[in-house]
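# Topology and contacts: notes
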Amino acid sequence: MTILLKRKLHSLFTKFNVSKVKRCSSTLILGIETSCDDTGCAIINSDGKLLAEKCQSQNLVHLRNGGIIPDIAQDLHRTYIEPTVKCTLAEANLKMDDLTAVAVTLEPGLPLSLTVGMKYAKYLCRKFNKPLIPIHHMEAHALVARMNNEIEFPFLTLLISGGHCLLAVAKDVNQFSLLGQSIDFAPGELFDKVARRMKLRNIPEYSEMSGGRAVEEAALKAENPHQFLFMLPLADFKDCNFSFNGLKSSVLYHTLKKEKEHAIAADQLIPEVYDLCAAALMAVTRHLLHRTQRAMEFCEESGLIGKDRRQLVVSGGVACNNLIFKALTVLCNEYGYKIYRPPPKLCTDNGVMIAWNGLEKWRKNIDVFHDFSKLDIKATSPLGEDLSGKVSKAQMKIKLIKVKFQN
Ligand code: KG4
Ligand code: ZN
């Protein structure tokens, strides 16, 4: 009995010591994301293993308000930041003292939202004497794909969200070359606006979905989407930029026209709503596809991406869209690219991508600030070196790939 008890005690003691040693020597990064309307937090260890994660979405509030109101977003971040971080620590069974560093999104994003994350991260770092790692939100969207996949640099990335639309080559953790970006707004914003105008929220099953998700679901019920035709944006511009303004206006125009035709009452939807959603989604997809195709051709011609590195990472909230992903997969097959997309939870805004980017920076000793007092937020922030002029100058003619859309 006594020997058994002694052994048990000994093994418990050894276990305790081992875990204690491990904990001290292991890197633990806390990530904080508040650039828009999600309060996200996560903890990752030195192996890139996710230990805990929390995300407090404001989606429902903003859906009710018909869009994001920055002051309201800030108030909600203020309310949720501390509980979200505390909950994440508790779930990982860790204390602030156990952590190695705090990574936080400082650019780009809504200033009022970014400020909440920055201030709280600085407060934590000061109080617990930890270094701070500033994170670029779009870099984090791209790099998070490396968390669960072996993706070597360089790789091509298409980042599509509610606030951004861009094509870039990721050359290293902190080195990006921008090939093109939206000249007006992002595809997520288009989906959110047209979903609202088409009153998709009045269909109960879509009432709590983001605009993009609602349009995707509604499009699955389409029967005759080809009754609506849309022009291909920027067709005459041989570059990798994007534009969604024309498409948005056309969708709104068709909605109004059909409403008049059918004498639609205030909260009713047009009978062709599913077809219009599908047509809009196909038009956005075609546009994304063609710009990505030109980016692939440019990368080949300029030697930016070698034959052994033909990889496309698609990320950001709009990357959750399966029709867009399928179309991009067809393109990748044609061009011999491997395609990667993080799981939906990591495509939309989240704390995990910030913690992961923090870890990647920590490993390479990039942007690890012990004196972070001068670090500040930036509402806009270009992604790396801008090569979009070069792309445009190359005036590359390409034979646009044809895609067949099937429900
Ligand atoms: O990356 P994200 O969470 O926030 C920004 O940084 O913008 O992206 C949010 C955007 C919203 O505009 C939302 O409508 C869109 O992603 N989105 C989708 C889908 N799910 C979310 N768009 C198309 N299809 C989806 N399934
Ligand atoms: Zn985002």
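Each remark here, short or long, concerns the structure printed above.
Source: prediction; values computed, not measured. (Residues numbered from 1 in each chain as written. Chains lettered and ligands numbered in written order. Predicted model: local features only at pLDDT ≥ 70, side-chain atom pairs only at ≥ 80, totals over all residues. Heavy atoms only, no water.)

## Re the site of ligand 1
Around ligand 1 sit 21 residues in total, of which G162, D192, G212, E216 and D349 are the nearest. Take G212: an N or O atom from its main chain is 2.9 Å from an oxygen atom of ligand 1. Within the backbone of D349, an N or O atom sits 2.9 Å from an oxygen atom of ligand 1. Elements with a contribution of two residues or more to the shell around ligand 1: α5 (137–143), α6 (187–197) and α7 (211–219). The dominant element in the shell around ligand 1, judged by the number of residues it contributes, is α7, at 4 residues. Partitioned by chemical class, the residues of the shell around ligand 1 number 4 nonpolar, 13 polar and 4 charged. (Near = heavy atom within 4 Å. Polar contact = N/O pair within 3.5 Å; in protein donor to acceptor, adjacent residues only side chain to side chain. Helix = DSSP H or I, 4+ residues; strand = E, 2+ residues; numbered from the N terminus. Nonpolar A, V, L, I, M, F, W, Y, C, P; charged D, E, K, R; others polar.)

## A few points about the coordination of the zinc ion (ligand 2)
Donor atoms from the polypeptide that coordinate the zinc ion (ligand 2) comprise H137 (NE2), H141 (NE2) and D349 (OD), at 2.1 Å from the metal. The site at the zinc ion (ligand 2) holds 4 donor atoms, and with the angles between them running 93 to 152°, its shape is irregular. Taking the relative accessible area as the measure of exposure, H141 reaches 1% and is therefore buried. (Donors = N, O, S within 2.8 Å, 3.2 Å for Na, K, Ca; no water. Tetrahedral: all angles 85-135°; square planar, octahedral: opposite > 155°, others 65-115°. Buried < 20%, exposed > 50% of the residue type's maximum accessible area, 1.4 Å probe, protein only.)

## A short note on the environment of R309
Among the structural elements, R309 can be located in the loop between α9 (273–302) and β9 (311–315). A relative accessible area of 23% means that R309 is categorised as partly exposed. Distance in space between the C-alpha atoms of R309 and E385 is 20 Å, their sequence separation being 76 residues. The contacts of R309, once residues within four sequence positions are left out, are E152, F153 and P154. (Contact = heavy atoms within 4.5 Å.)

## Examining the environment of N241
Its place among the elements puts N241 in the loop between α7 and α8 (245–261). Classification of N241 by relative accessible area gives buried; the value is 17%. Residues N241 and I401 lie 160 residues apart in sequence; the distance between their C-alpha atoms is 17 Å. Once residues within four sequence positions are removed from consideration, N241 is found in contact with G180, Q181, I183, L234, H287, R291 and S388.

## Here we look at the side chain of D239
By the element assignment, D239 lies in the loop between α7 and α8. Judged by relative accessible area, D239 falls into the buried class, the value being 9%. Ignoring anything within four residues of it in the chain, the contact list for D239 reads R291, R294, V391 and S392.

## A closer look at the packing of aromatic side chains
Applying the stated criterion across every chain yields a total of 3 aromatic pairs. Ring geometry for F153 versus F155: centroids 5.7 Å apart, planes at 15°, classification stacked. Here F153 matches F155 in class, with each residue buried. On the numbers, 6.3 Å between centres and 10° between planes, the contact of F242 with F244 is stacked. Taking the relative accessible area as the measure of exposure, F242 reaches 0% and is therefore buried. On the accessibility criterion, F244 (0% relative accessible area) is buried. (Phe/Tyr/Trp six-rings, centres within 6.5 Å; stacked < 30°, edge-to-face > 60°.)

## Considering the sheet that holds strand β2 (residues 38–45)
Picture the strands of a sheet paired through backbone hydrogen bonds; they go either parallel or antiparallel. If you trace the 5 strands from one edge of the open sheet to the other, you get β3-β2-β1-β4-β5, paired in mixed fashion. The open sheet has two edge strands with one neighbour each: β3 (50–57) and β5 (132–136). Taking the axes of each pair of neighbouring strands and ignoring which way they run, one obtains an average angle of 20° across the sheet. Taken together, the 6 bridges between strand β1 (residues 28–33) and β2 define a ladder with antiparallel strand orientation. Paired with I29 across the two strands is I44, which belongs to β2. Where helix α3 (residues 70–92) meets the sheet, it contacts β1, β2 and β3, and its direction lies at approximately 160° from that of β3. Sheet strands touched by helix α4 (residues 111–128): β1, β4 (101–107) and β5. Its angle to β4, the strand with the most contacts, is close to 155°. (Pairing = 2+ DSSP bridges. Axes fitted to C-alpha atoms, helices over the stretch in contact; angles between N-to-C directions.)

## As for the sheet that holds strand β6 (residues 155–160)
Taking strand neighbours across the sheet as the criterion, the 6 strands line up as β10-β9-β6-β7-β8-β11 in an open arrangement whose pairing is mixed. The open sheet terminates on both sides in strands that have one partner only, identified here as β10 (338–340) and β11 (385–386). As paired strands, strand β7 (residues 165–172) and strand β8 (residues 175–181) are joined by 6 bridges and run antiparallel to one another. Among the inter-strand pairings, V169 is bridged to a residue of β8, identified as S177.

## Overview of the pattern of salt bridges
Applying the stated rule across the entire model yields 20 salt bridges. Of the charged contacts in the structure, one is a salt bridge between D239 and R291, with a shortest N-O distance of 2.5 Å. A residue pair is termed long-range when its members are at least 10 positions apart, and D239 in the loop between α7 and α8 and R291 in helix α9 qualify at 52 residues. For the pair D239 and R291, one class covers both residues: buried. Between D308 and R309 there is a salt bridge, and its shortest N-O distance comes to 3.4 Å. Sharing partners across several salt bridges, the network here consists of R197, K199 and E259. (Salt bridge = Lys/Arg side-chain N within 4 Å of Asp/Glu carboxyl O.)

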